[in-house]
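Okay, here's what each chain looks like letter by letter:
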Amino acid sequence: MVSYIVDNNDQEISFLCSSLHVSSLPNVYRGTLSATTTSLCDDAWFRYSFNGKGAKVMAGFASPRTHAFSVNAYSLTYSTFNASLSPVFDYLVIEAGENTDMKGRTVLVDDMFSQIKYIGNGWKVVDINNISASDVYQTTAHITETVGDSLSMKFRGSSVALYAVIPPERNGNMTLRYSVDDGPAIETVATNFEFTDLQMVQILQEDLKDDDVQHLLTVNVTAVTNSFQLGVDFITYNATFERISDLNSVPVMTAHKTSHTGAIVGGVVGGLSFIGLVMLGLYIMRNRRARQQRTAHAASAISRHLNWRRGEYRPSH
C-alpha cells in the first residue's frame, strides 16, 4: 500500500466556509491546524478531490464526539454536523491507486511498514493510544532509548523527513546521526523541555535532486541521557516516480549532493507554540462579538489537541 499526505494548508483543499488557520503549533504535522469559526460549516467545511482507493481525515475535537465525511466521485467533503465544539483539522492521508499521479506527492511511510528496517535490540512497538490521547498516525510508534539502535529506508524521492514522538515529562536528550546515500553524516539532537503532553517533532529533513533514483536513508542513535525515549511515527518523502507501478522497477542509485535544512529538535517547538497561541488570541479578540462562542471553541480545540477522532473512507468493490 502506498499513501500520500495532504497538509491542511495545501492549496488543493477548498475551505467552503469561514475557517481559522494557525501555524507554529506543537504536536501537529508541519505545525499547522485549521478550525471552524461559524455554523455555516455544519453542512460542508472543506472539500478535496483525489484519484485513489481511500482517504483518512486526521481531525478531532476538544472532547469526544462523532464526525463524518462523504465521498462522491472521489471528492471528499467534510462536515461538522452542528457540532457544539469546533473540530480541528491537521491533514489527510490518501491511499493511492494504479492511476494516481504520484510525482511531487508527499508519500507517507508508517512506522509499521516493512519499508523501514529497524536494527538493534532496543526497539519496541508501543500503542500510543494506551498511554496518552494523541494524534499519532495509526496510533503506533517504534520507540527506543538504546545507543546503537538504527533504522534504514530505501525511497525514490527528492526529499525525506522523519517525524517522531517524545513521551511527556522525559528529561534528557537523544543524539542521532543520519545520512542519505554516501552523503556526510549529520548530527541532530532531540530533547524535551518538560512538556506535559506527548510531543510530535520533525527530527530531520534532507533535500535532494529531483532525479528519479533510489536513495537510502540511515539513522543511528549515538548518545542517550537519562533514559530518554524517542518514538518513530512515520517517514515522508516527495515522490519522483509517476505511478505506484513504477516502484516495481528499481533505478540505479547514484551519488547525489544533498542540502541540509537543519536538525529540528523538540525544544524549538515550545517557543513557536507560544507565538502561534498569541496570534490565535489576537484573532479571537478581534472577532469576539460576531463569533465569540464558535471561535473560543476553536481556540480550545487547537490549544489542547485532545481525543483525536479519525474518519476513514474506502470505496466498496
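Residues numbered from 1 in each chain as written. Predicted model: local features only at pLDDT ≥ 70, side-chain atom pairs only at ≥ 80, totals over all residues. Heavy atoms only, no water.

Trainee: Quick question: what am I supposed to make of the overall build of the protein chain here?
Mentor: Along the backbone of the protein chain there are 2 helices and 22 strands. Here the protein chain, with 317 residues, has 51% of them falling under the buried criterion. The contacts of the protein chain with a sequence gap of at least 6 include a subset with a gap of at least 24, amounting to 82%. Entry remark: accessible area of the protein chain is about 14300 Å², with carbon and sulfur atoms responsible for 48%. (Helix = DSSP H or I, 4+ residues; strand = E, 2+ residues; numbered from the N terminus. Buried < 20%, exposed > 50% of the residue type's maximum accessible area, 1.4 Å probe, protein only. Contact = heavy atoms within 4.5 Å. Areas by Shrake-Rupley, 256 points an atom, 1.4 Å probe, with all protein chains shown as cover.)

Trainee: Looking at this structure, I do not really get the nonpolar core. What am I missing?
Mentor: Nonpolar side chains tend toward joint burial in soluble globular proteins. Core analysis: the biggest nonpolar cluster contains 51 residues, and F46 and L217 have the highest contact counts within it. It is strand 20 (residues 230-239) that provides the largest number of residues to this core, a total of 5 residues. Leaving out residues up to four positions away in the same chain, L217 has contacts with L151, S152, M153, F155, V160, Y178, S179, V180, L204 and I235. Membership of the second largest hydrophobic core comes to 11 residues, among which are Y29, M58, V93 and M200. (Core = buried A, V, L, I, M, F, W, Y, C linked by side-chain atoms within 4.5 Å.)

Trainee: How should the sheet that holds strand 11 (residues 116-119) be read in this particular structure?
Mentor: The pairing of strands in a sheet happens through backbone hydrogen bonds and is either parallel or antiparallel. Reading across the sheet, the 5 strands line up as 11-14-19-16-17 and stay open at both edges, with antiparallel pairing between neighbours. Every interior strand has two partners, whereas the edge strands, strand 11 and strand 17 (186-191), have only one. Looking at each pair of strands side by side, their axes are set apart by 20° on average, direction ignored. (Pairing = 2+ DSSP bridges. Axes fitted to C-alpha atoms, helices over the stretch in contact; angles between N-to-C directions.)

Trainee: What's the story with unusual backbone geometry in this structure? I'm lost.
Mentor: Excluding glycine, most residues fall at negative phi; most peptide bonds, likewise, are trans. Positive phi, normally seen in glycine, also occurs at S24, with a value near 60°. Summarising the element assignment, S24 is placed in the loop between strand 3 (19-22) and strand 4 (33-36).

Trainee: What should I look at first to understand the packing of aromatic side chains in this one?
Mentor: The geometry of two aromatic rings is summed up by the distance between their centres and the angle between their planes. Under the definition given, this model contains 14 aromatic pairs. The interplanar angle of 55° and the centroid separation of 6.4 Å between the aromatic rings of F15 and F89 together place this pair among those described as tilted. Note that F15 is positioned in strand 2 (residues 14-15) and F89 in strand 9 (residues 88-96), a separation of 74 residues in sequence. Look at F89 and you get buried, because its relative accessible area is 0%. Pairing F46 with F89 gives two aromatic rings, centres 4.3 Å apart and planes at 15°, and the pair type is stacked. Here F46 is found in strand 5 (residues 46-49), whereas its partner F89 is found in strand 9, with 43 residues between them in sequence. Note on accessibility: F46 and F89 belong to one class, buried. Site record: aromatic cluster; members linked through ring pairs are Y29, Y91, Y137, Y163 and F234. (Phe/Tyr/Trp six-rings, centres within 6.5 Å; stacked < 30°, edge-to-face > 60°.)

Trainee: Explain the pairing of strand 5 here, please?
Mentor: Every other side chain in a regular strand lies on the same face of the sheet, so the side chains alternate between the two faces. Covered by surrounding structure in strand 5 are F46 and Y48 only, the residues R47 and S49 on the alternate face being uncovered. Judged from the 2 bridges that link them, strand 2 and strand 5 form a sheet pairing that is antiparallel. If you follow S14 over to strand 5, its bridge partner there is R47. Pairing of strand 5 with strand 8 (residues 75-79) involves 4 bridges; the strand directions are antiparallel.

Trainee: Explanation requested: the pattern of salt bridges in the structure shown.
Mentor: When the charged atoms of two side chains lie near each other, side chains of opposite charge can form a pair. Under the counting rule described, the total for this entry stands at 4 salt bridges. In this structure, the salt-bridge partner of E12 is R105, at a minimum N-O distance of 3.0 Å. Taken together, the positions of E12 in the loop between strand 1 (3-7) and strand 2 and R105 in the loop between strand 9 and strand 10 (106-110) put the pair 93 residues apart, joining distant regions of the chain. In this structure E12 comes out as partly exposed when scored by relative accessible area, which is 40%. (Salt bridge = Lys/Arg side-chain N within 4 Å of Asp/Glu carboxyl O.)

Trainee: Teacher, can you tell me more about the side chain of R156 here?
Mentor: With respect to the helices, strands and loops of the structure, R156 is situated in the loop between strand 14 (150-155) and strand 15 (157-166). From its side chain, R156 meets the backbone oxygen of D246 in a polar contact 2.7 Å long. (Polar contact = N/O pair within 3.5 Å; in protein donor to acceptor, adjacent residues only side chain to side chain.)

Trainee: Hey, could you run me through the side chain of S34 in this one?
Mentor: Summarising the element assignment, S34 is placed in strand 4. Polar side-chain contacts of S34 include one of 2.8 Å to the side chain of N8. Excluding residues that lie within four positions of it along the chain, S34 makes contacts with N8, F15, L20, H21, W45, P87, V88 and F89.

Trainee: How do you make sense of empty space enclosed by the protein when you look at a structure like this?
Mentor: Over the atoms rolls a probe the size of a water molecule, and its path tells where empty space is left. This structure, assessed with the given rule, holds 1 cavity of 30 Å³ or more. There is about 50 Å³ of room inside the largest cavity. What lines the largest cavity is W123, T144, L151, L162, L176, I203, V219, L230 and V232. For the lining of the largest cavity, the residue count by class is 8 nonpolar, 1 polar and no charged. (1 Å grid on protein atoms, 1.4 Å probe; cavity = no way out; pocket = protein on both sides within 12 Å on 5 of 7 lines; lining within 4 Å. Points joined across faces, edges and corners; volume = space filled by probe spheres on them. Nonpolar A, V, L, I, M, F, W, Y, C, P; charged D, E, K, R; others polar.)

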